[in-house]
Every structure is written in structure tokens, then in C-alpha cells.
Amino acid sequence: MGKTEEFEELRPLLFSIAYRILGSVAEAEDAVQESWLRYDASTTLPRSAKAFLSATVTRIAIDVLRSARVRREEYVGPWLPEPLLDDPYEDPARAAELADSVSMAALVLLERLSPLERSVFVLREVFAFGFDEVAGAVGRSEAACRQLLVRARRHMHEGRPRFAADREERQELAGRFFEALSQGDMDGLRSLLSADVRLVGDGGGKAPQLAKAVAGAENVARLLATVYPLMARVDITFEPHEVNGQPGALFRDRDGKVLHIFALDVLDGQIQTIRAVINPDKLGHLGPVADAWALDQEVKRARKQAR
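The present account deals with the structure reproduced in this document. These figures come from a predicted structure and were not determined experimentally.

Okay, the sheet that holds strand 3 (residues 237-240) next. Strand pairing in a sheet takes place through backbone hydrogen bonds and is either antiparallel or parallel in direction. Read across the sheet, six strands follow the order 2-1-6-5-4-3 without closing on themselves; strand pairing throughout is mixed. On the outer flanks of this sheet lie strand 2 (213-215) and strand 3, each paired with one strand and no other. Geometrically, the sheet is characterised by an average inter-axis angle of 15 degrees between neighbouring strands, direction not taken into account. Inspection of the sheet shows strand 5 (residues 258-267) paired to strand 6 (residues 270-277) by seven bridges, in the antiparallel sense. Note that in strand 6 the partner of Leu-264 across the bridge is Ile-274.

Moving on to the pairing of strand 6. The side chains of a regular strand alternate between the sheet's two faces. Of all eight residues in strand 6, six are buried, a share of seventy percent or more. Direction of pairing for strand 1 (residues 193-202) relative to strand 6: parallel, over a ladder of six bridges. Considered in strand 6, the bridge of Gly-201 is made with Ala-276. Linking two consecutive strands that pair antiparallel, namely strand 5 and strand 6, is a turn of two residues; a positive phi of about 55 degrees is found at Asp-268 within it.

Let us now look at the packing of helix 11 (residues 217-233) against helix 12 (residues 292-306). Interhelical geometry of helix 11 versus helix 12 gives an angle of 105 degrees and a closest axis separation of 9 Å. Regarding the angle of helix 11 to helix 12, the classification is roughly perpendicular. Taking contact as the criterion, the partners of Leu-230, Met-231 and Arg-233 in helix 11 are, on helix 12, Val-299, Ala-302, Arg-303 and Ala-306.

This part takes up the nonpolar core. Membership of the largest hydrophobic core comes to 49 residues, with the highest contact counts inside it found for Ile-17, Tyr-19, Phe-121 and Phe-127. Where this core is concerned, the elements lending two or more residues are helix 1 (3-22), helix 2 (25-41), helix 3 (49-73), helix 4 (95-102), helix 5 (104-110), helix 6 (115-126), helix 7 (131-138) and helix 8 (142-159). The element contributing the most residues to this core is helix 1, with 10 residues. Of all hydrophobic cores here, the second largest spans 40 residues; its members include Leu-173, Leu-189, Val-214 and Ala-225.

All right, on to unusual backbone geometry then. Excluding glycine, residues mostly carry a negative phi; peptide bonds, for their part, are mostly trans. A positive phi is found at Asn-244, a non-glycine position, where the angle reads about 50 degrees. Secondary-structure assignment places Asn-244 in the loop between strand 3 and strand 4 (248-252). We classify Asn-244 as buried; its relative accessible area is 1%. Despite not being glycine, Asp-268 shows a phi value in the positive range, around 55 degrees.

This part takes up a negative patch on the surface. Judged by side-chain charge, Asp-166, Glu-168, Glu-169 and Asp-268 come together as a negatively charged surface patch. Along the chain, the position of Asp-166 falls in the loop between helix 8 and helix 9 (167-183).

Between two packed helices, what matters for the description is the angle formed by their axes and the separation of those axes. Two numbers describe how helix 3 lies on helix 6: the axes approach to 9 Å, and their chain directions differ by 135 degrees. Relative to helix 6, the element helix 3 lies oblique. Considering the relative orientation of helix 3 and helix 6, their crossing is right-handed. Residues Thr-58, Ile-62, Leu-65, Arg-66, Arg-69 and Arg-72 of helix 3 lie in contact with helix 6, whose contacting residues are Pro-115, Leu-116, Arg-118, Ser-119 and Leu-123. Partitioned by chemical class, the residues of the contact of helix 3 with helix 6 number five nonpolar, two polar and four charged.

Analysis parameters
In this convention, every chain numbers its residues from 1, walking through the sequence in written order. For a predicted model such as this one, the threshold for reporting local features is a pLDDT of at least 70, and the threshold for listing and counting side-chain atom pairs is 80 or more; totals across whole chains, interfaces and linings nevertheless cover every residue. Side-chain numbers here rest on the full set of heavy atoms in the structure, without hydrogens or water. Strand pairing follows a simple DSSP-based rule, namely that at least 2 bridges must link the two strands. Secondary structure is summarised from DSSP: a helix means a run of H or I of at least four residues, a strand means a run of E of at least two, and numbering begins at the N terminus for each. Structural elements are reduced to axes, namely lines fitted to C-alpha atoms, with helices fitted over the stretch in contact, and the angle between N-to-C directions of any two is expressed from 0 to 180 degrees. Buried means the residue's accessible area, taken with a 1.4 Å probe over protein chains only, is under 20% of the maximum for its type, while exposed means over 50%, and partly exposed covers the values in between. Oblique is the label for any angle not under 35 degrees, not over 145, and not in the 65 to 115 range, which are roughly parallel, roughly antiparallel and roughly perpendicular in turn. Should any heavy atoms of two residues lie within 4.5 Å, those residues are considered in contact. Note on terminology: a nonpolar core comprises buried Ala, Val, Leu, Ile, Met, Phe, Trp, Tyr and Cys residues joined through side-chain atoms within 4.5 Å. Patches draw on residues past 30% relative accessible area with no salt bridge. Two like charges within 9 Å are joined, as are two nonpolar side chains (Val, Leu, Ile, Met, Phe, Trp, Tyr) within 5 Å. The Shrake-Rupley method, run with a 1.4 Å probe, gives the accessible areas here. Residue values count only the displayed protein chains as cover. What counts as a salt bridge is simple: a side-chain nitrogen of Lys or Arg found within 4 Å of a carboxyl oxygen of Asp or Glu. In this charge count, Lys and Arg are treated as positive and Asp and Glu as negative; neither His nor the chain ends contribute. Charged groups are reduced to one reference atom each: NZ for lysine, CZ for arginine, CG for aspartic acid, CD for glutamic acid. Crossing handedness follows the turn of the near helix against the far one: under a right angle anticlockwise gives a left-handed crossing, and clockwise gives a right-handed one. Throughout this entry, Asp, Glu, Lys and Arg are counted as charged residues, while Ala, Val, Leu, Ile, Met, Phe, Trp, Tyr, Cys and Pro are counted as nonpolar. The remaining residues, Gly among them, count as polar.

What follows is the structure, encoded as C-alpha cells:
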């Protein structure tokens, strides 16, 4: 097998590693491409293409994450990862770990970790790399990597929700949620939300949004039941779609352009968190992006007409 074929075979794994470290589709794709350039430029063939490329893409991602941390600290409003509709890497033996680690809840928690802690956690906990491989990838001793993993696990386990509901149960609950949303059914929405449900929006200061954060079943249900019928009046539609391994939906304008996404956290038969990514910079990989500001004005006019 030649270099190109080896790389293409490993591309899904490399992207999945980089995305979990970076929380950005665009940055992960750039890191994968840079790893190819370094692999292609190498004058000697490594004993293991997988080990070489995994280490290379990890180091690149660590450097990118370090440079991005200041930007994220200055980010306007809540930060959410770029939504991922389909994870290209599959491993039946690691299916549960892969699905859990790509959820928005997990990626938000990963933001608490240092770049090294995050990388060690992803390589070891998610992809089950040996400590020798992890050490080679991050440039630390095996002993140091074990300590980094202990700290990372502690941070993750302190705040990590467990999505105990099976896939079919989650999808059924999400279906009822989006049906109630389409009808503006406040009671129906409220019945599906946990008492302390949170709606979190990431507009990054670049798009109008429902709210930066709303808490409580009554408040969230009222907001959604009020706003969505107005959005429907200006031909905004949505299509249910799995987002980061969890139930969700893509919202589109009348021309089919992407307006925002919803991702739902489901636990104990209720929706615990609704995350809305509205920042247009985080939606471009999903297709042409709608003019959210213009649509916001249309929605406001529809509200006046409804009074």
C-alpha cells in the first residue's frame, strides 16, 4: 500500500482525533491536511503509519489549541463546538466511548482541560492508544501521561452527564419534542423538559439568538412556543438530524440555507439541555449559511403583525 492509500485509510481516525481535541470541524480538517503534508514530505517510511500520523495530527492539534485559547477566553457569550453531523470513524469495540466523547456536553467539558490533558484523554480514554503511543504523540514520559490522564478523568467525571437512554428512546423523545415545537405546543414542550433544563445559544456576537442562556422548563417552553411559530411564518423550517451523536435538528431559511442547529441532551426520559449553534462561522461546513440578521428582522415584523 502506498503513502496516499495508507493516509486515506487513516483519514477518518485522524479527523476524529483532531475534532475531539479542537472542537472545530474546520480546524480538524486543516490539521489532518497538514499531517498529510508532513507525512508526504518525510523521506523515511515510519514503522507504523497509524502511529506516525496519529502523533503528527495530535501535535498539530495541540499547537492550534494553544493558539486558540486566548480567542476562546475572549469569545462573546457561551462557546459551543462546531456541530458534527456524522463522525467518519467507526470502531464497534469502542462505539460507546466514541459516541459519548463526541457529544456537545463532553466537548464543552473538554474545554476545561489543558491542551495536553485533553490530548492524553482523547488518545487513551476514547481511542485506547497505549501509553507508549500517547507519550510519543504528546512528547511526555509515560509516567507524566498517566498523571495527565488522572487529572483529566477527574475534571471530566465531575461534570459529565451520562446519556443512559438508548438511541431509540432518545430519538422517540426528540420526535415528540420537535412535533410539539412545530405546533407551538407549550404544554407539550414543558412535559418533555426536565425541571432545570437549560437552553444555551452560541452566536459568538455574530448572529441574533434566542437567548444566551435560559433555565427552567417553564421559561424554555414559553420561549420556544412563542418564537418558533413566528419563525415558521417567515418560512423557517427544520429537519431532525443527529448532531454530535445526539438527537437534534438543522433549521433552514426559505432557500434551504442553514440558520442554526439544535442539539438535545436526553437523560432519564427528559431533555436536560438544548444547545443552539447560531454563529455563522461554525455552520459553513454544513452548506450555505442564511442571513440571520435579515431573518431576525422578518421575525420581528411577524411578531408585530400577530399582535
